[in-house]
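# Geometric and topological summary
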Amino acid sequence: MTIFNRKDVFEAFEDITMINQNVIKGVFEKYAFDQVVNLAAQAGVRYSIENPSAYIDANLVGFANILEGCRHSKIKHLVYASSSSVYGGNTKVPFSTNDSVDHPYSLYAATKKANELMAHSYSHLYGLPTTGLRFFTVYGPWGRPDMALFKFTKAILSGEKIQIFNYGNHKRDFTYIDDIVGGCLRVLDSPAQVDNCWDSSSPSSSSSAAPWKVYNIGNSRPVELLKCIECLEGALGLKAVKELLPLQDGDVPNTYADVKSLSEKFSYMPSISIEEGVSKFVKWYQEYYN
């Protein structure tokens, strides 16, 4: 059995951390950014159950490096991806940014809430304007191959079974990538401001006395997972072989974004329906994978 000295472990961790910090510092110095949009993260609920350390490294340590780069480079605005997963055990819908997010169902969700808190501390201490966008079930071209739509499409084309959890009773606020990008661009040029109406005796969870803000960004039209699969079958011209399974650990039954504050502030109006979005995705998929 190998016994590690605590000092050696700390020194090894510090070496790795310093390397990552220096890489990020070098990028900021080389390109002299005015604004930053951080979409980098270890994503996915299920993988966070299997490999939690990957989420600590990428989502906590990695995000801290981004915050440090922004602080030292005097960035005018940091926009970063949070997640609808932060709502965890909430059952009241639609999910509002004023709702509590104190009951995450997965480590992934916990790291995303932690990002919002880390951003707040930098906004408060260093005056760094930060805006977090809670993404709701983003899909479309160039997405992650481990996402349901990618896996379903590949399986249907191969004649294999698709696994449908919660017996297909999920509802998801599917949001096409174009609507997400449009929202990010609208927010980017409007740095978060201090909320002069913020009351410390009755604090809001979506604004602050610091230049910090959090918004939901979603389609605001939840769709049953089975409906999404029907759209996929229609676009492919093939029927899926379905395997219905119980709800997985870490998953939530429904998501539904209240985007009122984003719409009022930035005239954000998602426009792509699940039918149109799935059709666009399938067209890209077939062309890309030949």
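Our subject is the structure that appears above.
Residues numbered from 1 in each chain as written. Predicted model: local features only at pLDDT ≥ 70, side-chain atom pairs only at ≥ 80, totals over all residues. Heavy atoms only, no water.

### Some details on the overall build of the protein chain
Filter applied, for reference: Here a strand is any run of E in DSSP of at least two residues, a helix any run of H or I of at least four, and the numbering for each starts at the N terminus. Residues are treated as being in contact if the distance between any of their heavy atoms lies within 4.5 Å. Only the protein chains shown count as cover for residues, and all accessible areas are computed by the Shrake-Rupley method using a 1.4 Å probe.
Assigned secondary structure in the protein chain consists of 9 helices and 10 strands. If one aligns the C-alpha atoms of the protein chain with their principal axes, the spans along those axes are about 60 × 55 × 40 Å. In the protein chain, the share of contacts with a sequence separation of at least 24, taken over all contacts with a separation of at least 6, comes to 82%. Roughly 15,600 Å² of accessible area belongs to the protein chain as shown, and the carbon and sulfur atoms make up 55% of that amount.

### Details of the sheet that holds strand β2 (residues 77–83)
Test applied: Only strands that DSSP links by at least two bridges are regarded as paired with each other. The convention used is that axes are lines fitted to C-alpha atoms, helices contributing only their stretch in contact, and that angles between N-to-C directions extend from 0 to 180 degrees.
Spatial ordering of the open sheet is given by β1-β2-β3-β8, a layout of 4 strands whose pairing is parallel. The outermost strands of the open sheet, each flanked by one partner alone, are β1 (35–38) and β8 (212–217). Neighbouring strand axes in the sheet, compared pairwise and without regard to direction, differ in orientation by 20° on average. Each of β1 and β2 is contacted by helix α3 (residues 52–72), which is oriented at about 165° to β2, the strand it contacts most. Here helix α6 (residues 177–188) sits on the sheet and contacts β1, β2, β3 (130–135) and β8; the angle it forms with β3, its principal contact strand, is near 165°.

### Quick word on helix α4 (residues 107–126)
As a reminder of what qualifies: Given the number of residues in a helix, its expected span is that number minus one, multiplied by 1.5 Å. To sort residues, take the accessible area from a 1.4 Å probe on protein chains only and compare it with the maximum for the residue type: under 20% means buried, over 50% means exposed, and anything in between is partly exposed.
In this model α4 runs 28 Å from its N-terminal to its C-terminal C-alpha over 20 residues, within 8% of the 28 Å that 1.5 Å per residue would give. Buried within α4 we find Y108, A109, T111, K112, K113, N115, E116, M118, A119, Y122 and S123. Looking at the packing, one finds that the buried side of α4 touches α2 (45–50), α3, β2, β3 and β8. Two residues or fewer after α4 comes G127, characterised by a positive phi angle close to 70°.

### Observations concerning the packing of α3 against α4
The cut-off we apply is this: Should an angle fall under 35 degrees it is taken as roughly parallel, and over 145 as roughly antiparallel, whereas 65 to 115 is taken as roughly perpendicular and any remaining angle as oblique. Two helices crossing with the near one rotated counterclockwise from the far one by less than a right angle form a left-handed crossing, whereas a clockwise rotation gives a right-handed crossing. Only Asp, Glu, Lys and Arg are considered charged in this grouping, and only Ala, Val, Leu, Ile, Met, Phe, Trp, Tyr, Cys and Pro are considered nonpolar; every other residue, Gly among them, is considered polar.
Contact geometry for α3 and α4: axes closest at 10 Å, N-to-C directions at 15°. Considering the angle they form, α3 stands roughly parallel to α4. Between α3 and α4 lies a crossing of right-handed hand. Side by side, α3 and α4 meet where P52, Y55, I56, N59, L60, F63, A64, L67, E68 and R71 of the first sit next to L107, Y108, T111, A114, N115, M118, A119, Y122 and Y126 of the second. Taken together, the residues of the contact of α3 with α4 break down into 14 nonpolar, 3 polar and 2 charged.

### Overview of the packing of aromatic side chains
To keep things clear, this is the line we draw: For Phe, Tyr and Trp, rings pair up if their centres lie within 6.5 Å, where Trp contributes its six-membered ring, and each pair is then called stacked (planes under 30 degrees apart), edge-to-face (over 60) or tilted (otherwise). Only lysine NZ and arginine CZ atoms are considered, and such an atom sits over a ring when it is within 6 Å of the ring centre and within 35 degrees of the ring normal.
For the structure shown, the criterion picks out 23 aromatic pairs. Between Y288 and Y289, the aromatic rings sit 4.9 Å apart at their centres with planes inclined by 85°, giving edge-to-face as the arrangement. Put simply, the rings of W142, F150, F281, W284, Y285, Y288 and Y289 pair up and form one aromatic cluster. Here the guanidinium or amino end of R71 rests over the ring plane of Y126, the centre of that ring lying 4.3 Å away.

### Let's talk about the environment of K260
Inspection of the secondary structure assignment puts K260 in helix α8 (residues 260–266). K260 gets classed as exposed once you look at its relative accessible area, which sits at 54%. With 45 residues separating them along the chain, K260 and Y215 place their C-alpha atoms 9.1 Å apart.

### Some remarks on unusual backbone geometry
Here the residue pair V93 and P94 is connected by a cis peptide bond, since its omega of -5° sits within 30 degrees of zero. Mapping P94 onto the fold places it in the loop between β2 and α4. One non-glycine residue, A32, adopts positive backbone phi at about 50°. According to the relative accessible area criterion, A32 is exposed, its value standing at 55%. Positioned with a positive phi, S220 is a non-glycine residue whose angle comes to about 60°. Looking at the element boundaries, S220 is found in the loop between β8 and β9 (223–224). Overall, the relative accessible area of 23% leaves S220 in the partly exposed class.

### A short note on the pairing of β1
Only one face of β1 is buried, namely the one carrying V36 and N38, since none of Q35 and V37 on the opposite face is buried. One ladder, built from 4 bridges, connects β1 with β2; its direction is parallel. Pairing of V37 across the sheet is with V79, part of β2.

### Focus: the layout of surface pockets
The criterion, for reference: Method remark: on a 1 Å grid restricted to protein atoms, a set of points is classed as a cavity if a 1.4 Å probe fits but cannot get out and as a pocket if it is open with protein on both sides within 12 Å along at least five of seven lines; lining residues have an atom within 4 Å of a point. Grid points are joined across faces, edges and corners, and a volume is the space filled by probe spheres set on the points.
Looking at the second largest pocket, its volume works out to about 380 Å³. Around the second largest pocket sit 25 residues that line it, and S207, K213, Y215, S261 and K265 are the ones nearest its centre. Listed by contribution, the elements that provide at least two residues to the lining of the second largest pocket are β8 and α8.

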